[in-house]
Structures are given as C-alpha cells and as structure tokens.
Amino acid sequence: MKTVKLLIFAIILTGLISCKDDQKLSEAYVEPAVSTYYFIRHAEKIRSDSEDIDPELSQKGLGRAMHWAEILNDVELDAIYSTDYERTTMTAAPTSVKKDITVQYYDPSDIDIEQFKIDNLGKKVLVVGHSNSTPEFVNKMLGEEKYDSMDDYDNGSLFIVQVTGKNTTSNRLHFNCNCPD
C-alpha cells in the first residue's frame, strides 16, 4: 500500500512540475510583431519646367493621390512618411487627411533602417518617395538588392513589405489610374 501511495504521489508531482514547465513555455513564447510597410512613389508631377527641382503634382497626379487614398482606405495605417518635396507631400496629403495622420518627413539618404523598423514595430506604415529612393528603401528593408530604380513615368507601383520577426517578404503591385490629364 505504501508503494502505491508513493507511486501516486510521484505521478501527481511529475504532473505538477510538467504543468509549470508548459506554463513557462507558453509564457516565454510571444507572437512576433507584424510590421507592414506600403511604399509608393509620388504621383505624376508637372513637367513643364525642367529647371524646377520641386514641382507640384499635375492634374493627373492630384487624381492619382486621391486614388491612393481610396486604395489604402481599408488599411488601418499608423504612420505616414514622406520626403520633404511638394510632389511627395501632395501625394501623401489625401491619405493623411482621410486617416487623420500627421505626415512625418524623412531623408532617404540619411535613413537608419534598423531604427526605422524599431520605431514602427507592429505598425502599418505608408512611405512616399521617388523613383530612385522608393526601391532603394524597399531593398534596405529586405536586406537585398531585389528592385531596380523605377521608370520615371511609373507612378503606379505599390511595394508591400511585411516584417514578422526575422522574416521579411515583399510584393510589388501596379495600379493604373484613369485620372484625367
């Protein structure tokens, strides 16, 4: 009888220790944060003055900027970043107003990718840039040279980068805009 009691006690004790280990394992495992970045180039700019280094958007560009706001309507954005140029801020403006998010400015030549990822951990972020800086930024996020500079008339590419823990994926979509010229 003593052996049976001892055996039952050992089984109960083992079960309790096992439950505590399982609890420690479940407490130790935390779902990695998912960060999603939407990268676009500014919409169509006014091209009438080749000397103007900071042109505004053309009529078609204004239409495309509003189109981007509609495309991103169902995305619950947490932040919007733009370079400090008329064409990029004008592209970000409709989405910024619609989402009631203040645009934050960044310098693509001076971006600290790791800090940017930390600052936006677990967030959904729109980044508006240029034909050269947008794919470059995406490549930095990916840690590889996957995308070349965009054609100077490509205003419809959307790069989606998703970071989950140490895994990073990307997709490139293209949206046509039947906006009037």
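As the structure is a computational prediction, the values presented were derived from the model and not from experiment. (Residues numbered from 1 in each chain as written. Predicted model: local features only at pLDDT ≥ 70, side-chain atom pairs only at ≥ 80, totals over all residues. Heavy atoms only, no water.)

K.L.:
What exactly am I supposed to notice about the state of the cysteines here?
P.N.:
Think of a disulfide as a covalent bridge from one cysteine sulfur atom to another cysteine sulfur atom. In this structure the tally under the stated criterion is 1 disulfide. Across the disulfide, cysteine 177 is cross-linked to cysteine 179 (sulfur-sulfur distance 1.8 Å). According to the relative accessible area criterion, cysteine 177 is buried, its value standing at 7%. (Disulfide = S-S within 2.5 Å. Buried < 20%, exposed > 50% of the residue type's maximum accessible area, 1.4 Å probe, protein only.)

K.L.:
What am I meant to see in the pairing of strand 2 (residues 79-82) here?
P.N.:
Side-chain positions along a regular strand alternate between the two faces of the sheet. Along strand 2, one buried face is formed by Ala79 and Tyr81 and the opposite face, lined by Ile80 and Ser82, is buried too. In terms of strand pairing, strand 2 meets strand 4 (residues 124-129) through 4 bridges, oriented parallel. Bridging from a neighbouring strand, isoleucine 80 pairs with leucine 126 of strand 4. A crossover links strand 2 with its parallel partner strand 3 (residues 103-105), the connecting element being helix 3 (residues 86-99), and its sense is right-handed. (Helix = DSSP H or I, 4+ residues; strand = E, 2+ residues; numbered from the N terminus. Pairing = 2+ DSSP bridges. Right-handed = clockwise from strand over helix to strand, strands pointing away.)

K.L.:
How should I be thinking about the pattern of salt bridges in this particular structure?
P.N.:
Opposite charge on two side chains permits them to pair, given that their charged atoms come into close proximity. Tallied over the entire structure, the rule returns 7 salt bridges. As a salt-bridge pair, lysine 140 and glutamate 136 come within 3.8 Å of each other at their nearest N and O atoms. Of this pair, lysine 140 and glutamate 136 both sit in helix 5 (residues 133-142), 4 residues apart, which is roughly one turn of that helix. Here lysine 140 falls in the partly exposed class, since its relative accessible area comes to 34%. Across the pair aspartate 154 and arginine 172 runs a salt bridge whose closest N-O atoms are separated by 3.1 Å. Here the residue aspartate 154 occupies a position in the loop between helix 5 and strand 5 (157-164), and arginine 172 occupies one in strand 6 (residues 167-174), the gap between them amounting to 18 residues. By relative accessible area, which is 12% here, aspartate 154 ends up buried. Linked by salt bridges that have partners in common, Arg41, Arg47 and Asp152 make up one network. (Salt bridge = Lys/Arg side-chain N within 4 Å of Asp/Glu carboxyl O.)

K.L.:
Please explain the side chain of histidine 42 as it appears in this structure.
P.N.:
Assignment of secondary structure puts histidine 42 in the loop between strand 1 (34-41) and helix 2 (59-71). Looking at histidine 42, its side chain comes within polar contact range of the side chain of arginine 87, at 3.3 Å. Not counting the four nearest positions on each side in its chain, histidine 42 is found in contact with Arg87, Thr88, Thr91, Val128, Gly129, His130 and Asn155. (Polar contact = N/O pair within 3.5 Å; in protein donor to acceptor, adjacent residues only side chain to side chain. Contact = heavy atoms within 4.5 Å.)

K.L.:
What am I meant to see in the pairing of strand 1 here?
P.N.:
Counting buried positions along strand 1 yields 7 of 8 residues, so the element is predominantly enclosed. Bridge count for strand 1 against strand 5 is 7 bridges, and the pairing is antiparallel. Across the sheet, serine 35 pairs through a bridge with valine 163, a residue of strand 5.

K.L.:
Even after reading the chapter, I still don't get the sheet that holds strand 4, so can you show me in this structure?
P.N.:
Two strands in a sheet stick together by hydrogen bonds in their backbones, pointing the same way (parallel) or opposite ways (antiparallel). What the 6 strands build is an open sheet, ordered 3-2-4-1-5-6; its pairing is mixed. At either margin of the open sheet sits one strand with a lone partner, and together these are strand 3 and strand 6. Going from strand to strand, the sheet's axes swing by 20 degrees on average, the running direction of each strand aside. Sheet contacts for helix 3: strand 1, strand 2, strand 3 and strand 4; angle to strand 2, the most-contacted strand, approximately 165 degrees. Each of strand 1, strand 4, strand 5 and strand 6 is contacted by helix 5, which is oriented at about 160 degrees to strand 1, the strand it contacts most. (Axes fitted to C-alpha atoms, helices over the stretch in contact; angles between N-to-C directions.)

K.L.:
Before we go on, may I ask you to explain the packing of aromatic side chains in this structure?
P.N.:
For any pair of aromatic rings, the description consists of the separation of the ring centres together with the inter-plane angle of the planes. Scanning the entire structure with this criterion turns up 8 aromatic pairs. Their ring planes at 35 degrees and their centres at 5.6 Å tell us that tyrosine 37 and phenylalanine 116 sit as a pair that is tilted. In this pair, tyrosine 37 sits in strand 1 while phenylalanine 116 sits in helix 4 (residues 113-119), placing the two residues 79 residues apart along the sequence. Of the two residues, tyrosine 37 and phenylalanine 116, both sit in the buried class. Here tyrosine 106 and phenylalanine 137 contribute two aromatic rings whose centre-to-centre distance is 5.5 Å and whose plane-to-plane angle is 65 degrees, an arrangement assigned as edge-to-face. Of this pair, tyrosine 106 sits in the loop between strand 3 and helix 4 while phenylalanine 137 sits in helix 5, placing them 31 residues apart in sequence. Assessed through its relative accessible area of 9%, tyrosine 106 is described here as buried. A residue is classified by how much of its surface remains accessible, and phenylalanine 137, at 3% relative accessible area, is buried. Pairwise contacts between aromatic rings join Tyr37, Phe39, Tyr81, Tyr106, Phe116 and Phe137 into one cluster. Here the basic side chain of arginine 47 rests over the ring of tyrosine 153, its NZ or CZ set 4.0 Å away from the ring centre. (Phe/Tyr/Trp six-rings, centres within 6.5 Å; stacked < 30°, edge-to-face > 60°. Lys NZ or Arg CZ within 6 Å of the ring centre and 35° of its normal.)

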